[in-house]
Structures are given as C-alpha cells and as structure tokens.
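Coordinate inspection notes
What follows is each chain in one-letter form.
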Amino acid sequence: MRDPFKAICDDDLERRWIWISLIMAFVMGGLLGLYAVGANLHPPSNVETIDSSRLHLTEEFAEDNLGVRDNGDGSVTVTMVAARYGFYPPVVEVPANTPVKFRVASADVLHGFHVPFTNAATMIVPGYISEINTLFPREGEYSFLCNEYCGLGHDSMWSRLIVLPESARGES
Amino acid sequence: MNDHSKAASLGLANIWVAFIFFAVAALLGFYQVVERIDLVPALKSPELYFGSVSTHGVLMGFVLTTFFITGYGYYTASTSLKQELWNRPLAWFGFLLCLAGVLLAAVPLLTGNASVLYTFYPPLMAHPAFYIGAALLVVGSWVWCLEMVMMMAVWKKAHPGETVPLAMYGTTANAILWFITSLGVALEVLFQLIPWSLGLSDTVDVGLARTLFSWTLHAIVYFWLFPAYIALYTLVPRAAGGKLFSDQMGRFAFIMLLVFSVPIGFHHLYMDPFQAAGWKFLHMTGTFMVAVPTLITGFTVIASLEVAGRLRGGKGLFGWIGALPWGNPIVLAACLAMLMLIFGGFGGMINASYSMNTMVHNTQWVTGHFHLIFAGTTVIMYFGAAYYIWPKMTGKALSSVKLANTQLWLWFIGMLVLTLPWHQIGITGQPRRVSSTPYDESLVQAWHTSEMLMIVGGAILFLSALLLITVLFRTHGNSQAETNREVEYAESLHSVQRMPHLMNSFGFWVGLIVVYMIASYGYPILQFFLLDTHGTVPWSI
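What you see is a predicted model; the values in this text were computed from it and never measured. All residue numbers refer to position in the chain's written sequence, counted from 1. To label them, take the chains in the order written and letter them from A, then take the ligands in the order written and number them from 1. With pLDDT at 70 or above as the cut-off, local features in this predicted model cover only qualifying residues; side-chain atom pairs require 80 or more to be listed or tallied, and sums for whole chains, interfaces and linings still use all residues. Based on all heavy atoms of the structure, the side-chain values leave hydrogens and waters out of the count.

Attention now goes to the overall build of chain A. Each helix and strand counted, chain A has one helix and ten strands in total. The linear arrangement of helices and strands in chain A, starting from the amino end, is α-β-β-β-β-β-β-β-β-β-β. In terms of principal-axis extent, the alpha carbons of chain A reach across some 70 × 40 × 25 Å. Relative to its full complement of 172 residues, chain A shows a buried share of 55%. Here a residue-residue contact requires only that any non-hydrogen atoms of the pair lie within 4.5 Å. Long-range pairs, those at least 24 residues apart, make up 59% of the contacts in chain A between residues at least 6 apart in sequence. Surface exposure of chain A reaches about 7,900 Å², of which carbon and sulfur atoms provide 56%. In summary, the charge assignment counts Lys and Arg as positive and Asp and Glu as negative, without counting His or the chain termini. Note that the charge is assigned to NZ on lysines, CZ on arginines, CG on aspartates and CD on glutamates. Distance between charge centroids for chain A: 9 Å, based on 12 positive and 22 negative side chains. Under the scheme used here, helices are H or I runs from DSSP no shorter than 4 residues and strands are E runs no shorter than 2 residues, and both carry numbers assigned from the N terminus. Relative accessibility under 20% of the residue-type maximum defines a buried residue, over 50% an exposed one, and the middle range a partly exposed one, all with a 1.4 Å probe and only protein chains included. Only the protein chains shown count as covering a residue, and every accessible area follows the Shrake-Rupley method with a 1.4 Å probe.

This part takes up unusual backbone geometry. Residue A:Pro89 is bonded to the preceding A:Tyr88 through a cis peptide linkage, with omega at 0°. Looking at the secondary structure, you find A:Pro89 in the loop between strand S3 (86-88) and strand S4 (91-95). Note that the residue after B:Pro122, namely B:Pro123, is joined by a cis bond; omega there is 10°. Tracing the backbone shows B:Pro123 in the loop between helix H3 (88-110) and helix H4 (128-158).

Our focus in this paragraph is the state of the cysteines. Residues and elements named next belong to chain B. In plain terms, two cysteine sulfur atoms within 2.5 Å form what is called a disulfide here. Applying the stated criterion to the full structure yields zero disulfides over all chains. Cys98 carries a free sulfur, and the closest cysteine sulfur to it, the one in Cys145, is 9.7 Å from it. Owing to a relative accessible area of 4%, Cys98 belongs among the buried residues under this scheme. Residue Cys145 is classed as buried on the basis of its relative accessible area, which comes to 5%.

Residues and elements named next belong to chain A. Burial of strand S6 (residues 111-114) is two-sided: the residues His111 and Phe113 facing one way and the residues Gly112 and His114 facing the other way are all buried. The pairing of S6 with strand S7 (residues 121-124) spans four bridges and is antiparallel. Considered in S7, the bridge of His114 is made with Ala121. When DSSP locates at least two bridges between a pair of strands, those strands are taken to pair. Here S6 hands over to S7 after six residues, with Phe117 in that stretch at a positive phi of 70°.

Take the packing of helix H2 (residues 46-81) of chain B against helix H5 (residues 166-197) of chain B next. Residues and elements named next belong to chain B. Contact pair H2 / H5: the axes reach a minimum separation of 9 Å and the direction vectors enclose 145°. Between H2 and H5 lies a crossing whose hand is left-handed. Residues Ile69, Gly73, Thr76, Ala77, Ser80 and Leu81 of H2 pack against Ala167, Met168, Thr171 and Asn174 of H5. Of the residues contributing to the contact of H2 with H5, the split by class is five nonpolar, five polar and no charged. Angular values range over 0 to 180 degrees, each being the angle between N-to-C directions of two axes fitted as lines to C-alpha atoms, with helices fitted over their stretch in contact. It is the rotation of the near helix from the far one that decides the hand of a crossing: anticlockwise by less than a right angle makes it left-handed, clockwise makes it right-handed. Three residue categories are used. Nonpolar comprises Ala, Val, Leu, Ile, Met, Phe, Trp, Tyr, Cys and Pro, charged comprises Asp, Glu, Lys and Arg, and polar comprises the others, including Gly.

All names here are of chain B. With respect to the secondary-structure elements, Ile455 resides in helix H18 (residues 448-476). Residues Ile455 and Ser304 lie 151 residues apart in sequence; the distance between their C-alpha atoms is 37 Å. When neighbours within four sequence positions are excluded, Ile455 is seen to be in contact with Phe30, Val33, Val34, Ile37 and Leu39.

At the interface, 60 residues of chain A touch 67 residues of chain B. Overall, the association of chain A and chain B removes approximately 5,400 Å² of surface from exposure, summing both partners, and the carbon and sulfur fraction of that is 69%. Values labelled buried area give the accessible surface lost by two parts on being combined, using a 1.4 Å probe and summing over both. Interface area lost by chain A to chain B is led by A:Ile8, A:Tyr149 and A:Asp155, which between them contribute 14%. When a carboxyl oxygen of Asp or Glu is within 4 Å of a side-chain nitrogen of Lys or Arg, the pair counts as a salt bridge. At the boundary of chain A and chain B, one finds two salt bridges. A salt bridge links B:Arg433 to A:Glu148; its shortest N-O distance comes to 2.8 Å. Contacts described as polar in this section are N or O atom pairs within 3.5 Å, which, within protein, must combine one atom able to donate a hydrogen with one able to accept it, while residues neighboring in sequence count only if both atoms come from side chains. Viewed at the interface, chain B and chain A are joined by 23 residue pairs in polar contact (both at pLDDT 80 or more). For the side of chain A that touches chain B, the secondary structure elements donating two or more residues are helix H1 (12-38), S7, strand S8 (129-134), strand S9 (140-145) and strand S10 (158-164) of chain A. Among the elements that make up the side of chain A that touches chain B, the one with the highest residue count is H1(A) (14 residues).

With that out of the way, let us pick up the environment of B:His361. Along the chain, B:His361 falls in the loop between helix H14 (357-360) and helix H15 (364-394). Separated by ten residues in sequence, B:His361 and B:Asn351 place their C-alpha atoms 7.5 Å apart. With sequence-adjacent residues up to four places away left out, B:His361 is seen in contact with A:Met123, A:Asn147 and B:Met271.

Looking now at the confidence of the model for chain B. Residues and elements named next belong to chain B. Summarising the model, chain B shows a mean pLDDT of 93, and 98% of its residues fall at 70 or more. Ranking the elements of chain B by mean pLDDT puts helix H17 (residues 441-444) last, at 90, and helix H16 (residues 401-427) first, at 97. With pTM at 0.95, the complex prediction returns an ipTM value of 0.93. The predictor reports its confidence for every residue as pLDDT, a score running from 0 up to 100.

The next point concerns H15(B). All names here are of chain B. The bend at a residue is defined as the angle formed between two axes, one fitted to the seven residues ending at that residue and one fitted to the seven starting there. The principal kink in H15, of about 30°, is found at Tyr388, preceding the proline Pro391 by one to four residues. For H15, the buried fraction is high: 29 of the 31 residues fall into the buried class. Remark: Gly395 follows H15 within two positions and exhibits a positive phi of approximately 80°.

This part takes up the pattern of salt bridges. Following the criterion strictly, the structure yields 17 salt bridges over all chains and no others. Residues A:Arg103 and A:Glu131 are paired through a salt bridge, measuring 2.6 Å at the closest nitrogen-oxygen approach. Residue A:Arg103 is found in strand S5 (residues 100-106), and its partner A:Glu131 is found in strand S8; the two are separated by 28 residues along the sequence. Across the pair B:Lys44 and B:Glu35 runs a salt bridge whose closest N-O atoms are separated by 3.9 Å. Take B:Glu35: its relative accessible area is 1%, and that puts it in the buried class.

With that settled, the discussion passes to the packing of aromatic side chains. Think of a pair of aromatic rings as described by two things: how far the centres are apart, and how the planes are tilted against each other in angle. The criterion for an aromatic pair is that two Phe, Tyr or Trp rings (for Trp, the six-membered ring) have centres within 6.5 Å, with stacked assigned to planes under 30 degrees apart, edge-to-face to planes over 60 apart and tilted to the rest. Here the structure, examined in full by the defined rule, presents 52 aromatic pairs over all chains. Here A:Phe87 and A:Phe144 contribute two aromatic rings whose centre-to-centre distance is 6.0 Å and whose plane-to-plane angle is 50°, an arrangement assigned as tilted. Of this pair, A:Phe87 sits in strand S3 while A:Phe144 is found in strand S9, placing the two residues 57 residues apart along the sequence. Pairing B:Phe19 with B:Phe383 gives two aromatic rings, centres 6.1 Å apart and planes at 55°, and the pair type is tilted. Residue B:Phe19 is found in helix H1 (residues 5-35), and its partner B:Phe383 is found in helix H15; the two are separated by 364 residues along the sequence. Comparing B:Phe19 with B:Phe383, the two get one shared label, buried. Clustering of aromatic rings is evident, with ring pairs tying together B:Trp16, B:Phe19, B:Phe22, B:Phe68, B:Tyr72, B:Tyr382, B:Phe383, B:Trp390 and B:Trp411.

Next comes the structure, spelled out in structure tokens:
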C-alpha cells in the first residue's frame, strides 16, 4: 500500500516519525478508552440542575438530610453542601472498601472538591449537582480540600473525611 | 529591498508594551511565591495575594501574549512577504484599542475590584470595567487577525501560483485560530458577564459560561505557542547555520494545530458536572491528536538543528549538539525551549488523560505544568525572537549578546527551579490558587522544601526579566549599527516542487473547523437552552 503521507513528505525518516506520532496518540487515547469502557472509569459528568439559592428548601440538600446514608445494599451515599468557606457536614465518616456515592451542591459560587491521594475529585458548580462514585481502599484520616478559587477565604475551606475499617459498614 | 521601518515601529510599540507589562507581572509572581509560605508574616494578605494573582494572570496570559504576537506578526508579515502593511492606520487603531482595554481593566484589577482571576470564574463578579477592558483587548486583536488575512490575500493575488512563505502561512493560521477561538470568551463576556455585572440581569448560567470559556481556553495556548513555533521553523535553522528540514511538515503541523486545537476544550471541564462523559471523551481524542503536530515540530526542529550542527563540522551521534552556535541567543533559546517542551509535554499528556487527570485536577501540578510549557518553552522563544529582530527593527546592534545569553540561561534555570518543585507539591495534593496552606500538618510538611525552592526560582526569574528589559532598552541607544537588517528566513532542505493547494490556503480548513466545532460544541451549548435551569437565564439579555 502506498503511504498517504508521501504526497506531502518526501523524507523516509520523517514519514516514519509521523506514523510513530499518530500511533502514540491512538494508543494513549485507546488505552483510556479501554479503561473507560472496561472499568467504567469516567470523570464526574452528572447533568442535573438544581436551584442553588434554594438548597435549604429541597428535600435532598436540607440541612437535616446532609451526611452519610447507608443504602442497604453495601454502598453508601454522602450528601454534601459546599458554601463559602466550608463543606457541610464538616466531618464525614465512611467505611473502607465500600462503594461511595457523593452528591454535592454549591450554595453560592464555584467550589472544588478533592481528597488528596484519592480519585475523589469534582468541580462544584452553582446550579448543578455534582456526583462522584468512588471507593476508599485504605482507612485513615483524609481531608476534603476546596481546590477552586471561591473568594478571599478560599484557603481555609477544607474539612475532614474519616475512612473507617470495613467492619463499620452498616453501622451508620 | 523593501523598507520595513513602518512595520518595525508598529512591532516595537507592540512588543515594548508586552515586555513592560511582562516585567511587572514577573515582580508580582515573585511576590506570590514569597507570600504563599509564612516566611514574611507582614506580607500575608489574601486581598493582596488574589489581586496580584489576577493581575499576574491577565498580564502574562492576555497582555504579554497578545501584544507580542501582534507585534511579531506585523513584522513577520512585512518581512516575509516583502510587502507593506495592508492598512497601517487601522493597525495602529487596533494597537490603541488593545492598550485602552488594558488600561481600563487595570483600574479595577489594581484596586482589588477584579480579583476573579484571569479565568473570570462567574458567579464571582468583577467591576464592569474589567470585563469591558477585556472585551476591548479582544476586539482590538481582531484588527490584527484581519490585517494578517488581508496581507496574505493581497500577496497571493500579486503572486499567482506561488507558495506563501512558511512564516506568513503560520502567522495567518494563528490569526484565523485566534479569531475562531476568541469567539467563545467574547460571547461569554458580551452576552453574559457585561450585562450581568452592569445589573441588567440578576443571574448568570455558570455552566454555559464555563462551556463558552473552554471554547477559548485550550486553543488560546496554541495562539500563544504559534509565534514560538514560527520562530523555530523559520528563523532558528538558518541562524544556527543550516536549513529547515522540511517546509511542508511545518505547514502540516500548522494546519493540524489550527484544526485540532479549538474543538477540544472540554479537557478543561473533565471534572465539571453539566457535560456528559461522552462529550468529554470526544474532546479527549482530539486532545491527543493535537499532540501530533508538536511531536512533528520536535522532529523537524531537532533535525534542522542537526543539519546545522553537521554543516558546522559536528561529528558522531551527538557531536553536532556541541557544534551548534550556543552563543547565538535565538539558537540558545530554541535549544532551551525544546528541553522544557520535553518535560512539559509529559505533564500535558497526564492532564489530557480522561481519567488520570482526576488526580491532578486543580492542584499545583497544573500551574507547574503550564508555567513550564508557556512561561518556559513559549516565552523563552519570545525572548529569542526579540533578540533576533530587535537589531533588524532598530538598526542598532544588540547591546550585549553575552548579557542576552545570560538572561536566557537564567530564565531556563529559574523556570526549572520553580516548576519542578511546583509539580511535586501538586502531586502531593496542594490545591492551586491558595494564598496559604492552613491544612493538616501531614500534608503541609511534604511541601515545605519545594516551596522554599520555588522562592529561589521566582527570584531568578524576576532578575532575568529585568535583564531582558535592560538588554533591549540599551540596544536602542547603542552607537554600533546593525549591518545586516534583512530578516533571513530559513530555506528548506527538501526543495518544494509544487505545493498542494490545500497547504497554501485556508478555506477548506476553516470549513472543516466549523463542521468539527458544530459536532463537538453544538449540543453541549444548546443543552443550556433546553435544560430547566431554575431561573438562571442562559443569556443575560
């Protein structure tokens, strides 16, 4: 088969390099695609709107309903609100090796949400509900850090995540 | 020989504005690395810090770049086509419009009324003057886009069947790229932020605003990078004493950058809700495609340098590297730029990765990455190109080649000392855009050494910025005249017999971008008009 790049490139070495570059791009994209399909590994991409100025009037994000809820099927759901400058509730305890679904809404501006050394991360955008599905394999004390500039108090916006032993599952 | 003095004065005016604001921003950068740790308690102030970060970002990302690119573009167009400016008064009007925009935006920025960072971040609200100033800067830069497109069109009409010089082909590609990519932010600013900040509407749809900003946010870095690539392809090979390895590969790379860099902005939104995963995946595939022209550029530029090194008597597998004229500022800048591109490229692949990005999103890793690749690779080529064209534009020899080389080495060393530790604190979890780190001791202690190193890096970089201004300023008063005022564009090693029409024009490629943009941004934008967004009207008016 004739090399299609022959029309624009008459140097053998350079044509070989074009092919290597293209193959590298396809291999990298392909691997990520395989993980996306095979391991269901996607970035948080929930399309769901909410009125951020009335979070307290919704059922899900009313103050009393925030926090960890056992779903009864071996997984837990954590409902949180991010508002300048804190995450609510301020302490979250989840069992290790348990599927955790975070549902987070902002009451004011843009916030970020990241637990360092884990893949629990999302943007929190006013008007939309963020959703992350993850699992923490190791117990210990972690931090939620706000990683999006949200105003002059941004630095102090962080709170505590405690990952309990797996045996704690079902007790909350 | 044509007289390029008119383009030269326009070029000098633009690039001086760029570099003066650049030096101011470098000082702010140095303040920021010092402020972030508790070294000098008197400096602690989130108000000052975030005002400074916003100003630093606007000056480096919008002002240094736009003015350098327009100035260098006018001069490149005039010298490579050997043709007068298309409309000189209009070009000066564009320059003044941009400058007026910057000065207007400077007032709220410096008084702490626009501490919303250069990415705007609604619903944080800045003073309307900030958004209006930004809009004027963008509109002013469109004048340059028009001038470049028209200059190429006029030249082609006067030279039927001839091939547009590579330097101009790249410059026009960048003008088209910038016009298309700046439309996103222009729509956001004109229809959302300005009416909302003036109080004409109560709310703003943040999802739509962020989607529109992402339209601009990726390709804008290619707008910044383009002149660096143009200098690498068209000035460096000859300055190094050799030839350009392949003219057509340069064109191919420019076309790929143009087509693939705009419709892929969602890799900035990987972590956002409000866009479904499929769209993000589509944009990721394009993001990997846009790595291809950079890989090609790496090959062509290094091959061109090897040709030069061997022509200068370099022998063996690596002997040609030592034979390169390291004392020539633009060649030195090119070599250092390529080194930083290799480091920065790896980081970019991680950021681009659909799932790996989760670990580094919005950490200091990202800021470290873009400083390495933008402030490193791109801006060092701005310096190299400036050292090359300054004597041509002013007619005076460079005041000190030695000082120029020192400046470049300091910039390179400072950038590595700044950005390598910056990556480290990011990968160990430090969020970006914090003025202090009041977190758990277990997290914070892993950052201390790196933060101290970053101060050293910031100081070296600031010193280097001052040296740049000194060398260029003193060149104007140099008593020694420059003997060779011709901009010597590199010849191609492989002579081109007949350039395919598609590689000598842009009509087809612009059409392709429009189709690609509709496919990748059409529904993601449309959905905001279909979703029930609870009273937040998608458009402010």
